Amino acid sequence: MHDLKIDLETDKSIIKKKKDFLTLKDYSKEEIQYLLSLSSEMKKNGSLYDGKLKGKNIAMLFEKHSTRTRLSFEVAISQLGGNCIYLDVSSLQIKRGETIEDSAKIFEMYLDGLVIRTFEHQKAQTFAGCSNISVINGLTDLYHPCQALSDLFTISELGLLDKDLKFTWLGDCNNVSNSLMIGFAKLGIDISLGCSPEYVPSRDMLEYVMGISEKSGSRIKLIHDPVEAVSGADIIYTDVWISMGDKDSEEKIRKLQPFQINKKLLKYARPEARVMHCLPAHREQEITSEVLDSKHSIVWQQAENRLYAQKALLVYLFSENM
Ligand code: CP
Ligand code: NVA
């Protein structure tokens, strides 16, 4: 097996320092690999990076709930010696109609960076486009790149981030699966999406990912039979069926029911298959507690790794000498 991480001392000319982290679309294979190696370094030797964000002020603007993303960023910024300002959206002038464009200009006067969690991806793009500070996407309706980066790190830690990996996404195709698809396609790894025909990724997203896959040699498969989708899988990943901001839909839940990860379905995967979930889980809906709390589940390792992936990203974006 060949792990897809790269040496941190690699020729830095292939790693371009970016201003923002809005989607993995903007990152090359080598840049993703570099961030994975840096995440691993943060886990092993994190204290060597203490102080790397000294003097940096980074705000967090969250319009949706969060436990992991908020906590991991706040702790990561603190451990790196930076200052984190959590913004209560309801008290900002944005809520009284100040435009994103005007707010972005003000943010750049005081801040070095912004982590944003919002609905329309366009809003995060506007913040990034209207200011010269680094904007990190902490989740939008379209993407969750911080989650995907961290999950790729978790998979690489298991020694499974390889061309031979059989990875299956099950359930609703959403912001998390979009970001994972992009990450896998860039790294040249196959991904199967087990979902009902109504809840496949958008045509634009599929066309984009298939375009990258053609070059990287990976394959994206859409499979509507759950047993076929998980057959022989090394890793099965799921997420909630109703994402934040989605309308509750009994019909959607009914249509996705066959894609629930439960003991019966898991039997078709490899005997040592790992089960992933970005959390929070809607227990007994997309996944049963029996599986979530079983030896197959690596969800707690995933959640812990958010901290190291976040630290890697922050050092990459904000540290003068990464
Ligand atoms: N996985 C994830 O992003 O969790 P939170 O919504 O709690 O941040
Ligand atoms: N797809 C979920 C992810 C939560 C971390 C949502 O957007 O609500």
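Going by the structure above, here's the rest.
Structure report, in brief.

Calculation criteria
Residues numbered from 1 in each chain as written. Chains lettered and ligands numbered in written order. Predicted model: local features only at pLDDT ≥ 70, side-chain atom pairs only at ≥ 80, totals over all residues. Heavy atoms only, no water. Pairing = 2+ DSSP bridges. Helix = DSSP H or I, 4+ residues; strand = E, 2+ residues; numbered from the N terminus. Axes fitted to C-alpha atoms, helices over the stretch in contact; angles between N-to-C directions. Contact = heavy atoms within 4.5 Å. Buried < 20%, exposed > 50% of the residue type's maximum accessible area, 1.4 Å probe, protein only. Near = heavy atom within 4 Å. Polar contact = N/O pair within 3.5 Å; in protein donor to acceptor, adjacent residues only side chain to side chain. Areas by Shrake-Rupley, 256 points an atom, 1.4 Å probe, with all protein chains shown as cover. Nonpolar A, V, L, I, M, F, W, Y, C, P; charged D, E, K, R; others polar.

Turning our eyes to something else, we now look at the sheet that holds strand β7 (residues 220-223). Spatially, five strands are ordered β7-β6-β5-β8-β9 in an open sheet, and the strand pairing comes out parallel. In the strand order of this sheet, the two ends are held by β7 and β9 (274-277), each with one partner. Here the strands of the sheet are splayed against their neighbours by 20 degrees on average, with no regard to which way each runs. The strands that helix α6 (residues 175-187) touches are β5 (167-170), β6 (191-194), β7 and β8 (235-238); relative to β5, the one it contacts most, it runs at about 160 degrees.

Moving on, we come to the environment of Phe 127. When you line up the elements, Phe 127 lands in helix α4 (residues 121-129). Classification of Phe 127 as buried rests on a relative accessible area of 2%. Linking Phe 127 and Ile 116, residues 11 residues apart in sequence, is a C-alpha distance of 8.9 Å. Apart from residues no more than four positions distant in its own chain, Phe 127 is found in contact with Leu 61, Ile 94, Ile 100, Ser 103, Ala 104, Phe 107, Leu 114, Ile 116 and Val 135.

Between Leu 279 and Pro 280 the backbone carries a cis peptide bond, its omega angle lying at 5 degrees. If you check the backbone angles, Leu 139 has positive phi at about 125 degrees while not being a glycine. Tracing the sequence through the fold places Leu 139 in the loop between β4 (134-137) and α5 (145-157). You can see Leu 279 is positioned in the loop between β9 and α11 (289-292). Residue Leu 279 is classed as buried on the basis of its relative accessible area of 9%.

We now examine the site of ligand 2. Around ligand 2 lies a shell formed by Leu 139, Asn 174, Asn 175, Asp 239, Val 240, Ser 243, Met 244 and Leu 279. Take Met 244: an N or O atom from its main chain is 2.8 Å from an oxygen atom of ligand 2. Protein burial of ligand 2: of its 270 Å² of free accessible surface, 95% is covered by the chains. The residue inventory of the shell around ligand 2, partitioned by class, reads four nonpolar, three polar and one charged.

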